[in-house]
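Below, each chain spelled out in residue letters.
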Amino acid sequence: MQQPTSNGVVENGASCSSNGHCSDVTANGVTLTSSAQDIVRIIGQYLSSEGLNRTCDVLMTESGCRLDHPAATKFKLHVMDGDWSKADHDLQELRPLLGASNNILDMKFLLLEQKYLEYLEDGRVLDALHVLRNELTPLQHNTTRVHQLSSYMMCSNNEELHERTNWKGKGKESRLALMEKLQAFLPPNVMLPPNRLRHLLEQALERQTLYCTHHNTQDKVTLANVSLLSDHMCGKDDFPVHAIQVLNDHCDEVWFCAFSPDGKKLATGSKDTNVIIWDVNPDTCKLTLRKVLEGQNYGVAYISWNPDSKHLIACGPEDSPEVWLWNLETEKYLKVTQSPEDALTCCAWHKDGSKFVVGGIRGHFYECNMEGTVLESWEGVRVSGLWYRSDGRTVLAADSHYRIKAYDFDDMIDQELVQENHPIMTFTIDKNDRLALLNVATQGVHLWDLNDKNLVRRYQGVTQGHFTIHSTFGGFNQDFIASGSEDHQVYIWHIRNEQPIATLQGHTRTVNCVAWNPVYPHMMVSVSDDFTIRVWGPKSKVPKPAGVS
């Protein structure tokens, strides 16, 4: 059998470029392409890591491949043995194999750092000082780290040394960690990155999870809890598409619903002028009536929860000049009215819960404190939706020019982020403060990237005319979108797919709003002009018929 070339890892004269690409190799009558050689090496590395060294040797011999370049193998052996002089000599042999990067200085620094720390741990202070003064310092490399290393001379014992350095101490564990850092500088044709097969499989699982159309759990998919014999795919039974409960406590059209930030309460608003607060039972996916908030004279078309989950504000429809602020613990309320000429139809809380903004389509746009006192106002802005950004100073507002603009209340400047060709009926923002979900008149549900200022996706299926319909982000990682529709159905999409993954039936009139529980992602609620509230959950929460155990 022929020996490997000086710049490659395979036998029979095959050569490898610095990026790891190797020519075909023939051994024992079998020709292996470059990709096949990579696979063999990765499998060999895994076998070796599991202690199957003889099997690995047979594989390498039969395939005509080498796991790593001989110089790299020798280098690793000397590092793991702590033979620093030989490891340093090996670096010179590796130099021509490093290609354009040639990070010999970085690698030498890491070796000397480990050598220095091990001398300190062994109590060989003079030897450590020699390394610091005569080997590390002359490199004139990473001087900040050199100064930091010198301070470790003052450690009174090894426990303090380990704590201050966050270093595991002399031995196999710290040398393996060192080797992983060193391998980052070695081309893969010289030495495979550590645990390469495991990393590839973890990436595959992560991608499968990313594109799983019903993945809605905090449980991470790992090599330890799945089978590699088939692709990961969640079933629909655990997804909130099954009717759990139908509530008829409102006596007129139900216009809005919103879960509290802590996921423990739901507020629903209706044309009947009431806000009903419901307690959430995440174990059964059911709601129980907590209290009815009365007093709104125009009906309740929009509700916004304070981040504390104790206060909420409610707005009426187009002709309502009132905004109501309730404290659910004390049952005290405040009616915020600036002028009977106002039309305050939308609102949003500041992220610290200390103030809020209200506005409407007649050009009134105010920022108020908890007492309802106007702090700032923006004249002549006709808004149909509001949202505080996470920076605490910027408010997003949808206006009558089919735009969403960002208003900076500190500097009193504004900036356009979104421009549609039709009226924006409602919008909401994801938890990362980047994606905007819009219900656009006659167009349906659109997803915008606020940073890039571009339309990302148009979701299909929903019927959206000129009714006010509210959509929502949902799921454990907000990987899903749900919206009501004028065709009486609830539509659910995976955020990356324009076609719906579920269509929920049961309502008999327009579905005005959908809310996804932010803490218990297996629970979703929809409200409709048919006077009802419908709770959706996994199949296991569907009540069994009477008499069935």
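Owing to the predicted nature of the structure, the values given are computational and were not obtained by experimental measurement.

A. Local environment of the overall build of the protein chain. Scanning the protein chain for helices and strands turns up 10 helices and 30 strands. Radius of gyration (C-alpha) of the protein chain: 32 Å, far over the 24 Å computed for a compact globule of 549 residues. If you line up the protein chain on its principal axes, its C-alpha atoms span 90 × 60 × 50 Å. Counting only residues that meet the buried cut, the protein chain has 49% of its 549 residues in that class. Nonlocal contacts in the protein chain, meaning residues at least 24 apart in sequence, comprise 48% of its contacts between residues at least 6 apart. Element-wise, carbon and sulfur atoms account for 47% of the exposed surface of the protein chain, whose accessible area totals about 25,900 Å². Positive and negative side-chain charges in the protein chain, numbering 51 and 69 respectively, have mean positions lying 4 Å apart.

B. Geometry of unusual backbone geometry. Positive phi, close to 50°, is recorded for Gln 140, a residue that is not glycine. Along the chain, Gln 140 falls in the loop between helix 6 (125-136) and helix 7 (143-151). Classification of Gln 140 by relative accessible area gives exposed; the value is 69%. Unlike most non-glycine residues, Lys 453 shows phi in positive territory, near 55°. Summarising the element assignment, Lys 453 is placed in the loop between strand 22 (444-449) and strand 23 (454-459).

C. Examining the sheet that holds strand 23 more closely. Reading across from one edge, 20-21-22-23 is the order of the four strands in this open sheet, with antiparallel pairing throughout. The sheet terminates laterally at strand 20 (424-429) and strand 23, the two strands that pair on one side only. When strand polarity is set aside, the average angle formed by the axes of neighbouring strands in this sheet is 25°. Direction of pairing for strand 21 (residues 435-440) relative to strand 22: antiparallel, over a ladder of six bridges. Looking across to strand 22, one finds that Asn 439 is bridged to Val 445.

D. Just the packing of helix 1 (residues 34-49) against helix 10 (residues 196-210), in detail. Their axes nearest at 8 Å, the elements helix 1 and helix 10 cross at an angle of 110°. Regarding the angle of helix 1 to helix 10, the classification is roughly perpendicular. Residue-level contacts link Ile 42, Gln 45 and Tyr 46 of helix 1 to Arg 196, Leu 197 and Leu 200 of helix 10.

E. Examining the pattern of salt bridges more closely. Under the criterion given, the structure shown has 23 salt bridges. In this structure, the salt-bridge partner of Asp 68 is Arg 41, at a minimum N-O distance of 3.9 Å. Note that Asp 68 is positioned in the loop between helix 2 (53-63) and helix 3 (70-81) and Arg 41 in helix 1, a separation of 27 residues in sequence. Assessed through its relative accessible area of 15%, Asp 68 is described here as buried. Owing to a relative accessible area of 3%, Arg 41 belongs among the buried residues under this scheme. One salt bridge in this structure joins Arg 393 and Asp 410, with 3.7 Å as the shortest N-O distance. Linking Arg 393 in the loop between strand 16 (383-388) and strand 17 (394-399) with Asp 410 in the loop between strand 18 (403-408) and strand 19 (413-419), this pair joins segments that are 17 residues apart in sequence. On the accessibility criterion, Arg 393 (27% relative accessible area) is partly exposed. Because the salt bridges share partners, they merge into one network encompassing Arg 393, Asp 408, Asp 410 and Asp 411.

Calculation criteria
Residues numbered from 1 in each chain as written. Predicted model: local features only at pLDDT ≥ 70, side-chain atom pairs only at ≥ 80, totals over all residues. Heavy atoms only, no water. Helix = DSSP H or I, 4+ residues; strand = E, 2+ residues; numbered from the N terminus. Rg over C-alpha atoms; globule rule 2.2 N^0.38 Å. Buried < 20%, exposed > 50% of the residue type's maximum accessible area, 1.4 Å probe, protein only. Contact = heavy atoms within 4.5 Å. Areas by Shrake-Rupley, 256 points an atom, 1.4 Å probe, with all protein chains shown as cover. Lys, Arg positive; Asp, Glu negative; His and termini not counted. Charge placed at Lys NZ, Arg CZ, Asp CG, Glu CD. Pairing = 2+ DSSP bridges. Axes fitted to C-alpha atoms, helices over the stretch in contact; angles between N-to-C directions. Parallel < 35°, antiparallel > 145°, perpendicular 65-115°, else oblique. Salt bridge = Lys/Arg side-chain N within 4 Å of Asp/Glu carboxyl O.

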